[in-house]
Amino acid sequence: MAAAYLSPSPTFFPPTTTPTSTFRTLLHFKPTLSPKHSFKTLCSRRPQYIPNHIPNPNYVRIFDTTLRDGEQSPGATMTTKEKLDIARQLAKLGVDIIEAGFPASSEADLEAVRLIAQEVGNNVVGEHEHGHDYVPVICGLARCNKNDIDKAWEAVKYARFPRIHTFIATSEIHMKYKLKMSKEEVVDKARSMVAYARSLGCQDVEFSPEDAGRSDREFLYVILGEVIKAGATTLNIPDTVGYNWPREFGQLIADIKANTPGIDNVIISTHCQNDLGLSTANTLEGAYNGARQLEVTINGIGERAGNASLEEVVMTLKCKGELLGGLYTGINTKHIVMASKMVEEYSGLLVQPHKAIVGANAFAHESGIHQDGMLKNKSTYEIMSPEDIGLFRSNEAGLTLGKLSGRHALKAKLLELGYDIDGSELNDLFWRFKSVAEMKKVITDDDLIALVSDEVFQPKVIWKFGDVQVTCGTLGLSTATVKLIDVDGEEHVSCSTGTGPVDAAYKAVDLIVKAPVKLLEYSMSAVTGGIDAIASTRVVIAAENDHTTTHASGEKITRTYSGTGASMDIVISSVRAYVGAINKMLGLKKQQDDVRVEEAVKVNN
């Protein structure tokens, strides 16, 4: 049956070599732990990186796709600076592979991936955090065509450990209606494109059979066997539409492991979507059945219902690793909170309060019975310590901030909340904090988090908020006067009317900026209770002139941009959010224009 799908093989570019006998020995190695070498000791070791082999069979690689799959969420567009900040945080976290983007989608995305490869992909993280010197693998996504693969290689080749991740759909419904290709054509395309990626000099090639969760098993064994022969080093098995359930997905991984020719010479990976809310469970079941790379995103963000959540997968392995056969990761969990907050702010995708691990209520205990148990012994209602993920309870530290508090107290409180902020960012935040403290007797943790969001996690300034004055009410038309400051320090003032104070202020901003946009979403919430609460505003906009990008599926989609703002005045909060979203949009447009100019200069020279 299998032979029907095959055609003559292209030139074979072998993967990084390790003797087959060695592979078999290591794959069947089961560590015996003496008291001197405990499970905890074992889990502190990150094995040497070999693309198609993990020296310790219990080690699980964490592949983070926040910057690629996560950014495909509506409104989650991030600037190059934001992507670079998140990539640096992922390196602190100890992620093994960072999928930095989809370089073929736009020149700006290619440039962002290249920058991450150059800076993060060559930056050694010290021994004190990860057991030995470590540099993350930098990966770029590519469809199975030469143009995508060329651009992915152009972007990632600057990293110490570059990887190309290429994919093609293998389910009947995708091949028939989307690709309009036969099984033989799909096999030939996958095999030839993996070989092409290897021919460019890339020693680390990942292949994904898109929609594997709904693909014919026998066909999967064939196509996976062929890409292994062509030089693939990792086989990623995606549940692309979140259709599988844990026992089903675990069996899929087990069947691939048992029936795919050459499987001992590659790493099996999982990529589980969350359409049925089963992505984390499916990912862990995949690991239990032999997968040794797990594809995840911070906060579980991603298309539709999102992806398997890094923090959920990693903390489950940390809590239950021994029951899963001794599996462990190289993640430094104390950096989880900061990574979560950074992604929340830069993507504009808020974390729901009851989200596992990183939600605001994850370590909150309100019922009397729970509180009584917690006072007696925290383990009664907590299976992990908040300190394990970098969260420190403010009521234990005893720091209460007010108008007389200084920079050191502010920095200490920020560290408790998971923010490591210093230098000019701390200075700017301090003065914002002082201005609020003049009006509020006590600054709560939520107030501080809102100020950090508004002051620190903002895009590169193109227009800076200056002042706003509004007149509104039932006796006349709402009017607003807005002052913005450009990058050269010049002040621009405009006045407009509107249906309300926020509408009037936004129209005044538009008159200054002269970049037509559509307001797609507007929401506001009080950060705390009380009449003196800080208001937090979130907006999502799109450009009127329709800035587009190419989706991994090949579809052209309109980019949307989110912005957040915080102030005790709801109009100021609203204008800050709007200006932030506009800055993100204009910043990305400027980056694209700069890249086009550079390309034109190269061509002319």
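Residues numbered from 1 in each chain as written. Predicted model: local features only at pLDDT ≥ 70, side-chain atom pairs only at ≥ 80, totals over all residues. Heavy atoms only, no water.

Comments concerning the overall build of the protein chain
Within the protein chain, the secondary structure is distributed over 20 helices and 16 strands. Going through the 605 residues of the protein chain one by one, you find that 55% of them count as buried. Taking the intrachain contacts of the protein chain between residues at least 6 apart in sequence as the baseline, contacts between residues at least 24 apart amount to 68%. (Helix = DSSP H or I, 4+ residues; strand = E, 2+ residues; numbered from the N terminus. Buried < 20%, exposed > 50% of the residue type's maximum accessible area, 1.4 Å probe, protein only. Contact = heavy atoms within 4.5 Å.)

Describing the nonpolar core
Proteins that are soluble and globular tend to have nonpolar side chains buried together. Among the nonpolar cores identified, the biggest contains 114 residues, and Leu-93, Ile-164, Phe-207, Leu-235, Ile-237 and Phe-433 are the most heavily contacted of them. With near-sequence residues (within four places) excluded, Ile-237 lies in contact with Pro-209, Ala-212, Leu-224, Phe-249, Leu-252, Ile-253, Ile-256, Ile-268, Ser-269, Thr-270 and His-271. (Core = buried A, V, L, I, M, F, W, Y, C linked by side-chain atoms within 4.5 Å.)

A look at the side chain of Gln-293
Here Gln-293 lies in strand β8 (residues 293–296). A polar side-chain atom of Gln-293 sits 3.3 Å from a polar atom in the side chain of Glu-206. Polar contacts involving the side chain of Gln-293 include one to the side chain of Glu-295, which spans 3.2 Å. Sequence-distant contacts of Gln-293, defined by excluding residues within four places in its chain, comprise Arg-61, Phe-63, Ile-97, Arg-163, Glu-206, Thr-234, Ile-267, Ile-268, Ser-269 and Thr-270. (Polar contact = N/O pair within 3.5 Å; in protein donor to acceptor, adjacent residues only side chain to side chain.)

As for the sheet that holds strand β5 (residues 205–210)
In any sheet, the strands associate via hydrogen bonds between backbone groups, in a parallel or an antiparallel arrangement. Taken in spatial order, the eight strands line up as β1-β2-β3-β4-β5-β6-β7-β8 and close into a barrel, and their pairing is parallel. Recorded for the sheet is a direction-independent mean angle of 25 degrees between the axes of neighbouring strands. Note: strand β1 (residues 61–64) against strand β2 (residues 97–101), two bridges, orientation parallel. What sits directly across from Phe-63, in β2, is Ile-97. The strands touched by helix α9 (residues 217–230) are β5 and β6 (234–239); relative to β5, the strand with the most contacts, the crossing angle is about 165 degrees. (Pairing = 2+ DSSP bridges. Axes fitted to C-alpha atoms, helices over the stretch in contact; angles between N-to-C directions.)

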